[in-house]
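Tertiary structure, described
Listed below, chain by chain, are the residues.
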Amino acid sequence: MRQTAVPHGAPAADAPDRERFADLMAAIATRQDREAFAELFAYYAPRVKAYMLRLGAGAALAEELAQEVMITVWRKAALFDRKQASVSTWIFRVARNRRIDAARRAKHANFDQEDPILHPEAAEAPDDAVSAGQRERQVRAALTTLPAEQVDLLKQAFYDGLSHRDIAEKTGIPLGTVKSRIRLAFARLRTALGPDI
Amino acid sequence: MAASEAYDALMLDYAAGALGPAHALLVETHLRLKPDGRAAAAVLDAAGGAFLESLPPADVMALPLAGVETLPGLLDAPEPVIDARALIEAASRRPDDLSWRWRAPGLRELRLPLQGSSLLRLAGGRALAAHGHSGEEVTLVLRGAFSDQAGHYEVGDIGFADEGYDHSPLVPPGDDCVCLVAMTGRLKFHGAVARIAARLLS
């Protein structure tokens, strides 16, 4: 049976109004609008928590991480640029990076803090020419056209945080086949970059 | 194309948050150096955003909004992390300021405080002894360039060496080549000098 990550045709009942959500981010950034934050919180906090749970966090940690991600939304809203990404994509990135940071910090017990290599720095925004709205629409359109096997693979990556090697091990699908499927899915998604790239 | 498959797989692993710290740092550094990489990452992140929207919501406690703006610097990351921009700055522009350790003829190494992560400095005009890999080695060029049997790599390019892949990287005469390497196994050198080098590396 065909499985899709996003609905065909009409958006799902709870699909966010992307322009409105971007407006809410602007309201938080410019005037610390709590109602705007409450609306974003109501939509995203339960999904970020679900994401953390899927990634293997226990209920308490998933709750904590979801709250932290939402506090980041509140505090860093000014860094959101609607020309670069949708709010969902931006929050997905914040949530994912929380995990990477946590893993990284656990590793650096005792090294030289004066080392010139070690300076925390804010992430740099992508500067590609394609507008965010165009990219988001085309990526979603591309997702609905992927074969089920490729969607399953992306679900295991994005929902379960599995690497392609983990996926191969878990499913018994040969590593080469997993890589080929990623390549095919990526090629379809890349059409969102436009013909020039 | 095997290299492209390996690249796409690495980028998806990064987008999914499935990379270990060493490989994540390598991809972050690559993204700072390559606009094409940033465009590809943006597409995968957008896919991640779409998947986030389609997750069934979990129950969450309401965040007490009162006082949210006065929370302490919970998220300001006071502890040092290796930053891609500083890494590029240090490794590419001021490599002589770093504490390199001799590893083999023409090869110096600086181990980073992340499991399996090193900077390698190959002398200009030198070929590194042929070696294989017990795991997967991902190499990002930060300064200079090198070539091997699979291709030519310049600043920002990523090379992949799988288990069983033997290569002897060659650096063009002139500038040293500085690479960030993320490894899941050990190098396996071939030949007498190389075996000594391998002992030193282990």
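Values in this document were obtained by computation on a predicted structure and should not be read as measured data. Every chain is numbered independently, its residues counted from 1 as its sequence is written. For naming, the first written chain is A and the first written ligand is 1, with later ones following in the order written. A pLDDT threshold of at least 70 governs which residues receive local features in this predicted model, and a stricter bar of 80 or more applies before side-chain atom pairs are shown or counted, although totals over entire chains, interfaces and linings include all residues. Side-chain metrics rest on all non-hydrogen atoms present in the structure, leaving aside hydrogens and water.

This next bit is on the overall build of chain A. Each helix and strand counted, chain A has 8 helices and 0 strands in total. The order of α-helices and β-strands along chain A, N terminus first, is α-α-α-α-α-α-α-α. The rule is simple: take the accessible area with a 1.4 Å probe, protein chains only, and divide by the maximum for that residue type; under 20% is buried, over 50% is exposed, in between is partly exposed. Looking at chain A as a whole, 50% of its 197 residues qualify as buried. Contacts are assigned to residue pairs with any non-hydrogen atoms lying within 4.5 Å of each other. Sequence-distant contacts, at least 24 apart, represent 65% of the contacts inside chain A between residues at least 6 apart. What counts as a helix is a DSSP run of H or I of at least four residues, what counts as a strand is a run of E of at least two, and both are numbered from the N terminus.

For B:L33, the position within the fold is in helix α2 (residues 21-33). B:L33 sits 61 residues away from B:R94 along the chain, and the two C-alpha atoms are 17 Å apart.

Residue and element names in this part refer to chain A. pLDDT runs from 0 to 100 and stands for how confident the predictor is about each residue. Of all residues in chain A, 73% attain a pLDDT of 70 or more, and the chain-wide mean is 80. In the model of chain A, helix α4 (residues 87-105) stands out as the element of lowest mean pLDDT, 79, in contrast to helix α1 (residues 18-31), which has the highest, 95. Here residues 1-13 is modelled with pLDDT under 50, and outside its nearest four sequence neighbours on either side it reaches 25 contacts, counting other chains as well. In this model, residues 106-124 is a region of pLDDT below 50 whose contacts with residues beyond four sequence positions or in other chains number 40 contacts.

Our focus in this paragraph is the packing of aromatic side chains. Ring pairs are drawn from Phe, Tyr and Trp, using the six-membered ring of Trp, whenever the two centres fall within 6.5 Å, and their geometry is named by plane angle: stacked under 30 degrees, edge-to-face over 60, tilted for the rest. Applying the stated criterion across every chain yields a total of 11 aromatic pairs over all chains. Taken together, a centroid distance of 5.3 Å and an interplanar angle of 75° make the contact between A:F37 and A:W74 edge-to-face. Of the two residues, A:F37 is situated in helix α2 (residues 34-54) and A:W74 in helix α3 (residues 59-76); the sequence distance between them amounts to 37 residues. Geometrically, the ring pair formed by A:Y159 and B:F51 is edge-to-face, given 5.4 Å between the ring centres and 90° between the ring planes. Placement of A:Y159 in the loop between α6 (148-158) and α7 (164-171) and of B:F51 in helix α3 (residues 35-53) is noted, with the two residues assigned to different chains. Given a relative accessible area of 7%, A:Y159 falls into the buried group. An aromatic cluster is defined as three or more aromatic residues linked by ring pairs; in this entry it consists of A:Y51, A:F92, A:F158, A:Y159 and B:F51. The ring of B:Y14 has A:R96 lying over it, and the distance from NZ or CZ to the ring centre is 5.1 Å. Criterion for a charge above a ring: Lys NZ or Arg CZ within 6 Å of the ring centre, and within 35 degrees of the ring normal.

Moving on to the pairing of strand β1 (residues 101-104) of chain B. Residues and elements named next belong to chain B. Two strands make a pair as long as DSSP finds a minimum of two bridges between them. One ladder, built from 3 bridges, connects β1 with strand β2 (residues 107-111); its direction is antiparallel. Bridged to W102 within β2 is R108. In this antiparallel pair of consecutive strands, β1 and β2, the connection spans 2 residues, and G106 shows a positive phi of 80°.

Residues and elements named next belong to chain B. Considering the arrangement of structural elements, one finds V141 in strand β5 (residues 137-143). We classify V141 as buried; its relative accessible area is 0%. Not counting residues up to four positions away in its chain, the partners in contact with V141 are L33, F146, Y153, E154, V155, G156, D157, C177, V178 and C179.

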